[in-house]
Amino acid sequence: MNKIHNDKIRNIAIIAHVDHGKTTLVDHMFKQSGLYRDNQEVEDRVMDSMDLERERGITIAAKNCSVIWNDVKINILDTPGHADFGGEVERALMMVDGVILLVDSSEGPLPQTRFVLKKALESRLPVIVVVNKIDRKDARPQEVLNEVYDLFIDLDANEEQIEFPVLYAVGREGIAQKTLEDKGNNLSVLFDTILENIPGPEYDPNEPFQMIVADLNYSDYLGRLAIGKVVNGSVKQNAELVCINEENETLPLRVSKIQVYQGLTYKEVPEISPGDIAILSGIEDVHIGDTICNKENPKPLKRIVVDEPVISMIFSHNTSPLSGREGKIVQSNKIKERLLKETLRNVALKVEDSLDGDHFIVKGRGEFQLAILIETMRREGYELSVGRPQVIFRKKEGKTIEPIEHLFIDTEEEFVGIISEKLSKKKGRMINLVNHGTGRVRIEFSIPSRSLIGYRNEFLTDTKGTGIMNSYLQGYEEYRGDFPTRLTGSLVSDRNGEALSYALFNLEPRGILFVNPNDAVYEGMIVGEHNRDNDLDVNPCKGKKLTNMRASGKDDSIILTPVIPMTLERAIEFIKDDELVEVTPKNIRLRKGILSSQLRHTQRAKSLK
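Described below are features of the structure shown in this document. Computed from a predicted structure; not experimentally measured.

Take the pattern of salt bridges next. With the rule as written, the count across this model stands at 34 salt bridges. With its nearest N and O atoms 3.0 Å apart, the salt bridge here joins Arg-136 to Asp-104. Of this pair, Arg-136 sits in the loop between strand 6 (127-132) and helix 5 (141-154) while Asp-104 sits in strand 5 (residues 98-104), and the two are 32 residues apart along the sequence. Glu-147 is the partner of Arg-140 in a salt bridge, and the nearest nitrogen-oxygen pair spans 2.8 Å. Salt bridges linked by common partners bring Asp-104, Lys-133, Arg-136 and Asp-138 together as one network.

Structure, rendered in structure tokens:
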């Protein structure tokens, strides 16, 4: 195999923990490579193209773009920093020949960095380390660099990978430098380091055209677009090609248009060279992981292998009395269609039909990934119900095994006691505690994935909002045993109507309310969290009885405790196994799976027998 490199191209991925400045750095790479005109207005964080990404300040979907430096095309892939979007990371790494690891000069390498870096090292990709935000007041670049070396050793990096080049940067200002003492003016050092240390893509000149599909997109004008790296050979427009799918079937196809990345947009080209990232249009029946190759000499490439899902959730159409009032799309088959469409683009998601056919089981990497999917659907006008996330157990040698997370917590010293106590009750085991003497402590736990469902809000309350919690999937272990999930019950409305101030004022001593006066309620809807561990049926529509003995303006003085707006993540974390979240474009409500209080009481009586 006489492989050669295409030195006119570099394919790199930028990996970093959430909020370490990855997308901001890419902005400056665009500006300094001459992608924009001098007088062109450019918005910040151009790679965060989804509304949700801009709102949350995180990268959710891996995206591609390119810049030109010294006549070399650099294809840049912006990867998500969150482990729940690991499927995005795995397919992005298939298209690159090296990675830039971006680390915050104060926080150092955090858990999500570890997850993505592990994938890169397993793929034997060379790494350039950039210590970012060296202008921070609490910057500790030398200690952070030592932590990066420790991380590489911990992840079994080989000698070549450990001898990585190091740069220091202020991403916000578009500056990179080789040492802390240098005074950088721009990112030319970073561009030069990429050209020197990341090899051009390898290909075999004797092999026919082969491309692996790593992403899909859709154009109103061109139909489905297949995006992937050309591994060998080249292709021209209208070429007769075939697609080799998961079953090893060969499907004929014709490419109507060949495009490559030019900045953030596509540019049509007559022919594409090996090693470049291509966008082929005119291909309908294609999936992520398929190989596109010559009709005369079809040779499949190794398919994308992604980690198995660890969390499942039930999705179903909305059956509440308020169904259809706020959403445009409420039908079961439309919801299923949308979920299946998502699996085409997101290789880490799986959708299965339930036994009754009315529900769909959606499996993914984590509750955050599924919450983003639900939020996207509600913004598109869908109305649906979702159940509590459930961990997917496996069987090994006749024993039940469960996913175990490696949990990292950064908190103030005074909260160590309550965190340790609660996590030990949830079958967590402390494996490390580091106190730098700064008043904050870093603790590591080995804990079942199911223990973290619904814990985040509790954690923020316990640490008064100052704690930071991150985790990644460590592996599978034998089932660690049962523990109580939620110690409080629910306040459940026993009738349909409108919530009234008088009724809510009298319910406040019973717990924390989720509804405001004049909100629509129905039988079986959860209107609050009960102080005790049992559910309580209540009447939130009860008005004050009128008598002729009343002072003018007396009822105007009712002052209710402000209700914290219900967010999707909070709702998913709160519900029990017999409860659902009703999601509409305008509201997020909580409800019982069985709305009738009579039926619920009958079922509970049967279960106690």
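Moving on: the side chain of Glu-579. Topologically, Glu-579 is positioned in strand 36 (residues 579-583). A polar side-chain atom of Glu-579 sits 2.8 Å from a polar atom in the side chain of Lys-592. In contact with Glu-579, other than residues within four places in its own chain, are Gly-387, Arg-388, Arg-486, Ser-490, Ile-526, Asp-535, Phe-574, Arg-591, Lys-592 and Gly-593.

Moving on: helix 10 (residues 416-425). Residues of helix 10 that are buried include every one of Val-416, Ile-419, Ser-420 and Leu-423, and no others. Angular distribution of buried residues about the axis of helix 10 spans 95°; they occupy a single face of the element. Buried residues belonging to helix 10 abut strand 26 (399-412), strand 27 (429-435), strand 28 (440-448) and helix 12 (455-462). One or two residues past the end of helix 10 sits Lys-427, with phi positive at roughly 70°.

Where helix 8 (residues 332-345) contacts helix 9 (residues 367-379), the two axes come as close as 12 Å, and the packing angle between them is 130°. Put simply, helix 8 runs oblique to helix 9. The hand of the helix 8/helix 9 crossing is right-handed. For the pair helix 8 and helix 9, contact is made by Ile-335, Arg-338, Leu-339 and Glu-342 and by Leu-373, Thr-376 and Met-377, respectively. Considering only residue class, the contact of helix 8 with helix 9 consists of four nonpolar, one polar and two charged.

Cut-offs and rules
Residues numbered from 1 in each chain as written. Predicted model: local features only at pLDDT ≥ 70, side-chain atom pairs only at ≥ 80, totals over all residues. Heavy atoms only, no water. Salt bridge = Lys/Arg side-chain N within 4 Å of Asp/Glu carboxyl O. Helix = DSSP H or I, 4+ residues; strand = E, 2+ residues; numbered from the N terminus. Polar contact = N/O pair within 3.5 Å; in protein donor to acceptor, adjacent residues only side chain to side chain. Contact = heavy atoms within 4.5 Å. Buried < 20%, exposed > 50% of the residue type's maximum accessible area, 1.4 Å probe, protein only. Arc of directions from axis to C-beta. Axes fitted to C-alpha atoms, helices over the stretch in contact; angles between N-to-C directions. Parallel < 35°, antiparallel > 145°, perpendicular 65-115°, else oblique. Left-handed = near helix turned anticlockwise from the far one by under 90°. Nonpolar A, V, L, I, M, F, W, Y, C, P; charged D, E, K, R; others polar.

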